[in-house]
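# Structural characterization, general
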Amino acid sequence: MKHLLSTHDLDVPTVAAIMNVADHMSEINARSVPKVPALLGRTVASVFFEDSTRTRVSFETAAKRLSADTMSFSASTSSVNKGESIRDTIETLSAIGVDAFVVRHASSGVPVSVTEWTDASVVNAGDGWHQHPTQALLDAYTITRELGTGNTLAGVRVAIVGDIKHSRVARSNIDLFARLGARVTLVAPGMLLPAGLAGPGITVTDALDDVLPDVEVLYMLRVQRERMDAGLLPVGGEYSARFGLDERRARMLSGDAIVMHPGPMNRGIEMVMDPAELPGSRILAQVRNGVSVRMAVLFRLLGDGQLGA
Amino acid sequence: MKHLLSTHDLDVPTVAAIMNVADHMSEINARSVPKVPALLGRTVASVFFEDSTRTRVSFETAAKRLSADTMSFSASTSSVNKGESIRDTIETLSAIGVDAFVVRHASSGVPVSVTEWTDASVVNAGDGWHQHPTQALLDAYTITRELGTGNTLAGVRVAIVGDIKHSRVARSNIDLFARLGARVTLVAPGMLLPAGLAGPGITVTDALDDVLPDVEVLYMLRVQRERMDAGLLPVGGEYSARFGLDERRARMLSGDAIVMHPGPMNRGIEMVMDPAELPGSRILAQVRNGVSVRMAVLFRLLGDGQLGA
Amino acid sequence: MKHLLSTHDLDVPTVAAIMNVADHMSEINARSVPKVPALLGRTVASVFFEDSTRTRVSFETAAKRLSADTMSFSASTSSVNKGESIRDTIETLSAIGVDAFVVRHASSGVPVSVTEWTDASVVNAGDGWHQHPTQALLDAYTITRELGTGNTLAGVRVAIVGDIKHSRVARSNIDLFARLGARVTLVAPGMLLPAGLAGPGITVTDALDDVLPDVEVLYMLRVQRERMDAGLLPVGGEYSARFGLDERRARMLSGDAIVMHPGPMNRGIEMVMDPAELPGSRILAQVRNGVSVRMAVLFRLLGDGQLGA
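Anyway, here's the lowdown on the structure attached to this text. Just so it is clear, the structure is predicted and the values come from calculations on it, not from any experiment. (Residues numbered from 1 in each chain as written. Chains lettered and ligands numbered in written order. Predicted model: local features only at pLDDT ≥ 70, side-chain atom pairs only at ≥ 80, totals over all residues. Heavy atoms only, no water.)

## Quick notes on the relation of the copies chain C and chain B
Mapping chain C onto chain B leaves a residual RMSD of 0.0 Å; the transformation is a rotation of 120° accompanied by 0.0 Å of translation along its axis. What we have between these two chains is a three-fold relation. (Least-squares fit on C-alpha atoms with pLDDT ≥ 70 in both.)

## Regarding the interface of chain A and chain B
Each partner contributes to the interface: chain A provides 20 residues, whereas chain B provides 18 residues. Of the roughly 1,600 Å² buried where chain A meets chain B, counting both sides, 53% is carbon and sulfur surface. One can count 2 salt bridges joining chain A with chain B. Here R267(A) and D88(B) are joined by a salt bridge, their closest N and O atoms 2.6 Å apart. Counting across the interface, chain A meets chain B through 5 residue pairs in polar contact (both at pLDDT 80 or more). Looking at the side of chain A that touches chain B, the elements that each hand over two or more residues are α2 (53–65) and α11 (283–302) of chain A. Considering every element that reaches the side of chain A that touches chain B, the biggest residue donor is α2(A), with 7 residues. Residue composition of the side of chain A that touches chain B, by class: 8 nonpolar, 4 polar and 8 charged. (Contact = heavy atoms within 4.5 Å. Buried area = accessible area lost by both parts, 1.4 Å probe. Salt bridge = Lys/Arg side-chain N within 4 Å of Asp/Glu carboxyl O. Polar contact = N/O pair within 3.5 Å; in protein donor to acceptor, adjacent residues only side chain to side chain. Helix = DSSP H or I, 4+ residues; strand = E, 2+ residues; numbered from the N terminus. Nonpolar A, V, L, I, M, F, W, Y, C, P; charged D, E, K, R; others polar.)

## Comments concerning the sheet that holds strand β7 (residues 202–205) of chain C
Residue and element names in this part refer to chain C. Read from one edge of the open sheet, 5 strands run β7-β6-β5-β8-β9, paired in parallel fashion. Two strands lie at the open edges of the sheet, namely β7 and β9 (258–260), each paired on one side alone. Along the sheet, successive strands turn relative to each other by an average axial angle of 20°, direction set aside. Sheet analysis places strand β8 (residues 217–220) next to β9, joined by 3 bridges and oriented parallel. From the neighbouring strand, Y219 faces β9, where its bridge partner is M260. Helix-sheet contacts for helix α5 (residues 133–147) involve β8 and β9, and the interaxial angle to β9 is about 165°. (Pairing = 2+ DSSP bridges. Axes fitted to C-alpha atoms, helices over the stretch in contact; angles between N-to-C directions.)

## Overview of helix α1 (residues 12–29) of chain B
All names here are of chain B. For α1, built from 18 residues, the straight-helix expectation of 26 Å at 1.5 Å per residue is met to within 8% by its first-to-last C-alpha distance of 25 Å. Residues of α1 that are buried: T14, V15, A16, I18, M19, A22, M25, I28 and N29. Where the residues of α1 are buried, they touch α2 (53–65), α5 (133–147), α6 (168–179) and α11 (283–302). (Expected span 1.5 Å × (residues − 1). Buried < 20%, exposed > 50% of the residue type's maximum accessible area, 1.4 Å probe, protein only.)

## Quick word on the pattern of salt bridges
Enumeration according to the criterion identifies 50 salt bridges over all chains in this entry. E91(B) is the partner of R87(B) in a salt bridge, and the nearest nitrogen-oxygen pair spans 2.9 Å. Of this pair, R87(B) and E91(B) are both found in helix α3 (residues 84–97), 4 residues apart, which corresponds to roughly one turn of the helix. In this structure, R87(B) and E91(B) share a single accessibility class: buried. Across the pair D23(C) and R145(C) runs a salt bridge, and its minimum N-O distance is 2.7 Å. With D23(C) in helix α1 (residues 12–29) and R145(C) in helix α5, the pair connects residues that are 122 residues apart, well separated along the chain. One continuous salt-bridge network, built from bridges that share partners, spans D88(A), R267(C) and D274(C).

## Observations regarding the pairing of strand β4 (residues 121–127) of chain A
All names here are of chain A. In terms of burial, β4 is largely enclosed, as 7 of its 7 residues are buried. Sheet topology note: the strand β3 (residues 100–105)/β4 ladder contains 5 bridges and is parallel. Counterpart to V102 in the pairing with β4 is V123.

## Some points on the interface of chain C and chain B
With 18 residues of chain C at the interface, the matching set in chain B holds 20 residues. Roughly 1,600 Å² is buried in total at the junction of chain C and chain B, and carbon and sulfur atoms are behind 53% of that figure. Of all residues in chain C, D88(C), A95(C) and I96(C) bury the most surface against chain B, accounting for 33% of the area lost on that side. Across the contact surface, chain C and chain B share 2 salt bridges. The interface formed by chain C and chain B holds 5 residue pairs in polar contact (both at pLDDT 80 or more) in total. Secondary-structure elements contributing two or more residues to the side of chain C that touches chain B are β2 (69–74) and α3 (84–97) of chain C. With 10 residues, α3(C) is the single largest residue contributor to the side of chain C that touches chain B. Counted by class, the side of chain C that touches chain B contains 6 nonpolar, 6 polar and 6 charged residues.

This is the structure we're talking about:
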């Protein structure tokens, strides 16, 4: 595995292998000195053309715990000319000395292009509406460890709720969850459901209340507020009434259902109640597992198989 | 000691203990390799919702010299929703893995709230008009070491000059200096003097010239220019005439009086002369001691008592 | 050598010594763990009052590979008052603990002023139209290693093309290349040629096509677009027609001529063709050599002669 660009790059045995390494990383993260020399001398550059402090910090923490050096390059899309100049940036950083690029960009496909401009490994940290494969991996990992299903999601009932159409998280998770055997229900009105998502194990509805009593995993998507302003989504109040998680809906969940969200939450929009009042919330477990899973991915891309401790 | 939120958390023996450790840290800082493994594997996150490169760099240098990892998160208050979203940020960083948060915010009380959202230690690096306890510690430390008074300020004559009312530095220093035994004179007009500052050893005046000949320490406060524009302070020229340090006033100081300022200085407002011409200036000693004192605080919060070298 | 402020500080034997150390650094950079403990415990601060992510990352990578700590301080010129406040910034960072400042500023002479405010070493990373000495060193190093001329440019035919007048890169390179023995042709119209550049080995023309067949090194300068808008340069199309490198001109170069550019390129202005189609391009070699040369410079300023590995 040279790059991680899409969940489509990940077959089921590879996912299982990454999950097993992530378990090892979680054990390292619980140590009093949570650091191993596995990637000593390697440099991981986060190149974010779209801001996301959380994802960047998660990847950089993962890299540092493997003893890699980190380098951070942020640029608004506006200040860098499209296409050619991104290439110059990547080629320059590559010549300075980068072993893996972690790339986020508002346009789909940029991480794939980056692989043509460097010999380094490339990890897609989110490209447009397209893909966010480490999010799917950490979400699948979180479900398996919380539900105790080993490395599979066979038969697990998951509902993914909200603006499916514009969400790279939804697109990545639907693909990976379904291939790991989950029974996925997409909850959104037709206008927020892209074509081409149908497949084995995937059903669609716009009635959230009907779905709640039966799910084992309720996955709430983040709403991009600017899409509401642009008229692409129902305005806040209507969205919340139809797809928001409030206390009434939380009571409809079964006692051992878990609730997930990729963060950062929009309180009052998709998250209408205080998540601290949700016993089933695994939102912070997702964050914690994100570091372990990204360590496992970087180790797979850059390591020599020896953790060193 | 789990947190450092306010000078009120610090009793006199604790201050003395921190000062003794700071002496040790100053000795480390003078080495050719100024680094000890005391906090290896710990992560210190600076979370600044109000910009201050100097304070952030001072804390990060302190953390690195103790071999901690550092993480930096900046956000303007405008881009983060108040209250709940700060909570999400803290909970997320905490789940990624943070052992101490160094927090600055324009609103009083935010660092106290942060302690409810994380198991990590919290250091208040300045909250609104309220408190800035490491500034008070480094100022008290600087006075004791410059005047050779051991770990006490007993009987030391200190004047604090300027916009007392809006200054967290003033509020912190008045409290700590007075409890360490100093005789503190506050120099400001009534409109810039908040109620409730009276206490043993504290006197008030608006006549700077009367105070100068007798003080051992002249502490000039920084003026926030935006408060002048808002009419909360006399405009520049009048402020300088009444409370600024110029060459005439510098000549009124006794020969061994020292002059301090928390930085950054407003030249031409509270600092009307070139501080390089002030033999009594200890402004750079404050900066230098700031690193030692913050090392001592972080070591007390996160260390196990062993410096490791 | 305490500072590196200008190519004028560098005599020919010093340049040769730096080039020899840079060879050693290149060898280190090719290792699987490209790091030596040479500057362990030293702190290198990059203080950039004008943005340049590439130069900053190059210096910081160089510092880290020598095991120095790095500190980064960025400020737009507008937010810092000129003169005095830059002094306060430098004095403060110096008191926190900095061993070398890497300084970039839009005004000529700022790095020289910085040397008066600190005991630390100072490296000029570009000041106004004045100097950028590490760029000249890395360019000279690149030419010698690509052409195999040892540590000299004796007799090497170099053309420097474009906006000579406003370019610190041109000013630095002309000085250093000429003293190393190169025969330098400046290609620009009279309005873009400052007075006082004449000297042994330096000729001037405005006819790029006449020069191309004979040069061994074609050095394309970066155009600052804002100077076109301000009427200081011919607008884009005219500039490109006269001084841009397009495919027709590339074919006029001799087969073993090399093409250089300090980056970042303006595609469509001075670089009208895709540089990936230029077999003679050494633009990425310049970037790569930049890290080695900056390691050599920092080691010379801060090291004790022992690389440590």
